[in-house]
Amino acid sequence: MNKNQPKVIPPDVNRILYVRNLPYKITSEEMYDIFGRYGGIRQIRLGDKNKTRGTAYVVYEDIIDAKNACEHLSGFHVRGRYLIVLYHKEKKKERKPIDVKRQKEINALRQKYGLNKK
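Residues numbered from 1 in each chain as written. Predicted model: local features only at pLDDT ≥ 70, side-chain atom pairs only at ≥ 80, totals over all residues. Heavy atoms only, no water.

Caption draft 1: Region of the structure containing the overall build of the chain. The helix and strand inventory of the chain stands at three helices and six strands. Order of helices (α) and strands (β) in the chain, N terminus to C terminus: β-α-β-β-α-β-β-β-α. Burial statistics for the chain: of 118 residues in total, 22% are counted as buried. At a minimum sequence separation of 6, the contacts of the chain that also span at least 24 residues come to 62%. Within the structure as shown, the chain displays about 9700 Å² of accessible surface, and the carbon and sulfur contribution to it stands at 50%. (Helix = DSSP H or I, 4+ residues; strand = E, 2+ residues; numbered from the N terminus. Buried < 20%, exposed > 50% of the residue type's maximum accessible area, 1.4 Å probe, protein only. Contact = heavy atoms within 4.5 Å. Areas by Shrake-Rupley, 256 points an atom, 1.4 Å probe, with all protein chains shown as cover.)

Structure (structure tokens):
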């Protein structure tokens, strides 16, 4: 690889990191100390409900900083726990079920044009 060529960033890499296995009593200040070593942070959101305790989202200003943090902090030991650091993935929108009337129309058109599934 030529030094002058730009590095290609994998498609799953983004500025938002999802962090699991955090100590329940970790503070925002501690999070900024740990994750701030890798670049400017826009926001940190710690889970505060029973279902989200021990998790956080860390949003970096720059995608390269997020990539470095993910690479270096995954497996990092904090208060007896090893961090799991992943890239945030948006949930795919669930397809809405087709209502009965619309499904009947589709079936009628399929039958009319001989497109029935076999």
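Caption draft 2: Molecular detail of a nonpolar patch on the surface. A surface patch of nonpolar side chains, amounting to about 350 Å² of accessible area, comprises Leu-109, Tyr-113 and Leu-115. Relative to the helices and strands, Leu-115 is located in the segment after α3 (100–112). (Patch = residues over 30% accessible without salt bridge, like charges linked within 9 Å, V, L, I, M, F, W, Y side chains within 5 Å. Salt bridge = Lys/Arg side-chain N within 4 Å of Asp/Glu carboxyl O.)

Caption draft 3: Summary view of the pattern of salt bridges. Evaluation of the coordinates by the stated rule reveals five salt bridges. Residue Glu-71 is joined to Lys-67 by a salt bridge in which the shortest nitrogen-to-oxygen separation is 2.6 Å. Placement of the pair is Glu-71 and Lys-67 together in helix α2 (residues 63–73), with a separation of four residues, close to one helical turn.

Caption draft 4: Highlighting the side chain of Asp-65. Within the secondary structure, Asp-65 sits in helix α2. Discounting chain neighbours no more than four positions away, the residues touching Asp-65 are Tyr-38, Gly-39, Gly-40 and Tyr-60.

Caption draft 5: Seen up close, the sheet that holds strand β3 (residues 56–60). Spatially, the four strands line up as an open sheet ordered β2-β3-β1-β6, and their pairing is antiparallel. Of all the strands in the sheet, just β2 (41–46) and β6 (84–87) have a single pairing partner and so form its edges. Across this sheet, the average inter-strand angle for adjacent strands is 20°, counted without regard to direction. Bridge count between β2 and β3: five bridges; the pairing is antiparallel. Bridging across to β3, Ile-44 finds its partner in Val-58. Set on the sheet, helix α1 (residues 28–35) makes contact with β1 (16–20), β2, β3 and β6; between it and β2 the angle comes to about 135°. Relative to the sheet, α2 contacts β1, β3 and β6, its axis offset from that of β6 by approximately 150°. (Pairing = 2+ DSSP bridges. Axes fitted to C-alpha atoms, helices over the stretch in contact; angles between N-to-C directions.)

Caption draft 6: View of the packing of aromatic side chains. Across all of its chains, the model carries one aromatic pair by this definition. Both rings, one in Tyr-18 and one in Tyr-57, keep their centres 5.2 Å apart while their planes meet at 40°; by these two values the pair is tilted. Of this pair, Tyr-18 sits in strand β1 while Tyr-57 is found in strand β3, placing the two residues 39 residues apart along the sequence. Relative accessible area serves as the criterion here: at 22%, Tyr-18 is assigned to the partly exposed category. It is Arg-81 that lies over the ring of Tyr-24; its NZ or CZ is 5.2 Å from the centre. (Phe/Tyr/Trp six-rings, centres within 6.5 Å; stacked < 30°, edge-to-face > 60°. Lys NZ or Arg CZ within 6 Å of the ring centre and 35° of its normal.)

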